[in-house]
Amino acid sequence: MTIQRDSWGSKLGFIMAASGSAVGLGNLWKFPYITWENNGGAFVLVYLVAVMILGLPIMMGEIFVGRAAHLSGAPAYKKLGGLGWSKLGYLGAAAGGIILSYYMVIAGWSLYSFWQCLGWSLGGYDMPSSDAFGNFLSNGPLQIGLTLMFTLMNVGIVLRGVGRGIESATKIMMPILVLLMLYLVITAMFMPGRNDAFAMIFSVDFANMPAMGYLEAVGQAFFSLSLGLGAMVAYGSYMKKTDSITNSAIWVVSLDTLFALLACVAMFTIILSVPELKAQVSAGEVGTVGMLFITLPQLFYTQMQGGVVLAPLFFILVAFAALSSTLSLGEVVASMMIDRRGWSRKKAVLITSGVVFCGSIFAALSLGASQTLSQVTFRDVPVLGIIFSSKSGILGLLDHLAANWLLPIGGLGTTLFVGWFLKNDFILKELGVKNSNVVFNLWIWCLRIVAPAAIIALIIAVATGKDFS
Ligand code: TRP
């Protein structure tokens, strides 16, 4: 086995590394913007329910598989379930490659925002015009360059192996990120848009949510918690048998959800407090896609004590949050080639990253630089129209495919594997609990019935074009 089977230094080490994988662009960038697009309220509620009934049990399931097999990816499923189940590992690696290809592009934006904030901190802030972000997106060479920079950073770390590097780095960076986020939210709480923001995020009105919102909320729960492609199997495989799976999973899920909600509160408050921003976003002049990179500088430079120093720091932390997520994705993809083909780590990382980067080029050019790539859509094509909904552009299509289909289907596989295929006695013995244990029963019945039923029902509903509203 080429992978070093060492273990996390402590339970805290696992929690930090796993929440480093979970907390990323999914929380800071994606959750706020899709919540905005789905009109908040009902979407947030569906998201929270999905986190509880799908996210938490499936996270425990993935960690369980890794810890019990002491292996990651396809080999873990093969060891516990045989050759057939190892397909689940390969599906996961494919999904990981797809996500990486566009995630790198967005991650590159954080590097750009960092430079931009440095400039503002030194030379004074002036609010960018409404077409500034659009111009940035459609600058092809710049997009490719930023993506390449981020890809190289990721390669540099994955090459060395994930091991102690990530664990110790996340232990320092995550607490700083939490503190900065709290400071952001507290500052935002003094802005006039606060009440409107809370109303938008927490007052539930199902009539306001587009039908696609249900699938997107579930997909986002998988994406944000790093589930559905075996990343948590890998991280679980380094866990000590004495550490509680339930307890660790609850920590990771809570931290991740808290981050997503706080990011939403801060960003919505800023948009709804600044009339120019509100007008631009409501009129669709500023694509909501860039919300994180447009709204927060506004807060730093106009409202906040010390914002001049904190703005560049914040985007370093965003880049770091993204990096601790791309590491787990890169590891899943590379380790598949190491395990399956017996490649050296160096060869596996360089080749898989090269292939993923080729995909990134298409994603990077699909934000305006290339008309064809930016506008491609399957809206009116049979079957594909259902899968891809009304999304357009390579980046949007890949994101929709991976987050809303591949991850839930991968998660469904894990529920069936742990809930139905593995023997009860085996699970009880591995966990060291009795059949009458309440937490065990809640978990296993959720994996057996509730979670698979919810995923299958949702897939059928979407495939038959059901309109929920
Ligand atoms: N959870 C990360 C985020 O929210 C993205 C991510 C990292 C991921 N690793 C993953 C998503 C594995 C699915 C599976 O940004």
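Because the structure is predicted, anything quoted here is derived from the model rather than measured.

J.: Can you help me understand unusual backbone geometry in this one?
T.: Leaving glycine out, the prevailing phi sign among residues is negative, and the prevailing peptide bond configuration is trans. Its identity as a non-glycine residue notwithstanding, Ser-226 has a phi of 60 degrees, on the positive side. A relative accessible area of 12% means that Ser-226 is categorised as buried. The phi torsion at Val-383 lies on the positive side, around 60 degrees, for a residue other than glycine. Here Val-383 is to be found in the loop between helix H17 (371–375) and helix H18 (384–388).

J.: I'm lost on a nonpolar patch on the surface in this one. Help?
T.: Side chains of Leu-45, Val-49, Met-52, Ile-53, Val-204, Phe-206, Leu-416, Trp-420, Trp-445, Ile-449 and Val-450 sit close together on the surface and give an oily, nonpolar patch of about 970 Å² of accessible area. If you list the elements that add at least two residues to the nonpolar patch, you get helix H3 (42–69), helix H19 (394–421) and helix H21 (438–463). Here the nonpolar patch gets 4 residues from one element, more than from any other, and that element is H3. With respect to the helices and strands, the residue Trp-420 is situated in helix H19.

J.: Help me understand the pattern of salt bridges in this model?
T.: Pairs can form between side chains of opposite charge once their charged atoms are near each other. Per the stated rule, a full pass over the model turns up 5 salt bridges. The closest approach of N and O atoms between Arg-67 and Glu-430, which form a salt bridge, is 3.5 Å. Pair noted here: Arg-67 is in helix H3 and Glu-430 is in helix H20 (residues 424–431), with a separation of 363 residues, a long-range link. With a shortest N-O distance of 3.0 Å, Lys-241 and Glu-430 are connected by a salt bridge. Taken together, the residues span a long stretch of sequence, with Lys-241 in the loop between helix H11 (231–236) and helix H12 (245–273) and Glu-430 in helix H20 at a distance of 189 residues. Given the relative accessible area of 45%, Lys-241 is considered partly exposed.

J.: I would appreciate a short explanation of the site of the ligand in the present structure.
T.: The immediate surroundings of the ligand are formed by 17 residues, with Ala-22, Gly-26, Tyr-103, Phe-223 and Ser-328 found nearest. Measuring from an oxygen atom of the ligand, one finds a side-chain N or O atom of Asn-27 at 3.4 Å. At 2.5 Å from an oxygen atom of the ligand is found a side-chain nitrogen or oxygen belonging to Tyr-103. Compared with its free state, where it exposes 360 Å², the ligand has 100% of that area covered by protein. Given that more than half its atoms are within 2 Å of the pocket grid, the ligand belongs to the largest cavity. Class assignment for the residues of the shell around the ligand results in 9 nonpolar, 8 polar and no charged.

J.: Would you explain the environment of Met-181 in this entry?
T.: By the secondary structure assignment, Met-181 is in helix H8 (residues 163–188). Met-181 gets classed as buried once you look at its relative accessible area, which sits at 2%. Along the sequence, Met-181 and Ser-360 sit 179 residues apart, while their C-alpha atoms lie 29 Å from each other. When near neighbours in sequence (up to four residues on either side) are disregarded, Met-181 contacts Leu-28, Phe-259, Leu-262 and Ala-263.

J.: How should I be thinking about empty space enclosed by the protein in this particular structure?
T.: Over the atoms rolls a probe the size of a water molecule, and in doing so it shows where empty space is left. Throughout the structure, instances matching the rule amount to 6 cavities of 30 Å³ or more. Its boundaries defined by the atoms lining it, the largest cavity holds a volume of some 150 Å³. Taken together, 15 residues line the largest cavity, and the ones lying closest to its centre are Ser-21, Ile-99, Phe-223, Ser-226 and Leu-329. Of all the secondary-structure elements, those providing two or more residues to the lining of the largest cavity are helix H1 (11–22), helix H5 (83–123), helix H10 (212–224) and helix H15 (307–341). If you tally residues by element for the lining of the largest cavity, the top one is H15, at 3 residues.

Conventions and cut-offs
Residues numbered from 1 in each chain as written. Predicted model: local features only at pLDDT ≥ 70, side-chain atom pairs only at ≥ 80, totals over all residues. Heavy atoms only, no water. Buried < 20%, exposed > 50% of the residue type's maximum accessible area, 1.4 Å probe, protein only. Helix = DSSP H or I, 4+ residues; strand = E, 2+ residues; numbered from the N terminus. Patch = residues over 30% accessible without salt bridge, like charges linked within 9 Å, V, L, I, M, F, W, Y side chains within 5 Å. Areas by Shrake-Rupley, 256 points an atom, 1.4 Å probe, with all protein chains shown as cover. Salt bridge = Lys/Arg side-chain N within 4 Å of Asp/Glu carboxyl O. Near = heavy atom within 4 Å. Polar contact = N/O pair within 3.5 Å; in protein donor to acceptor, adjacent residues only side chain to side chain. 1 Å grid on protein atoms, 1.4 Å probe; cavity = no way out; pocket = protein on both sides within 12 Å on 5 of 7 lines; lining within 4 Å. Sits in = over half its atoms within 2 Å of the grid points. Nonpolar A, V, L, I, M, F, W, Y, C, P; charged D, E, K, R; others polar. Contact = heavy atoms within 4.5 Å. Points joined across faces, edges and corners; volume = space filled by probe spheres on them.

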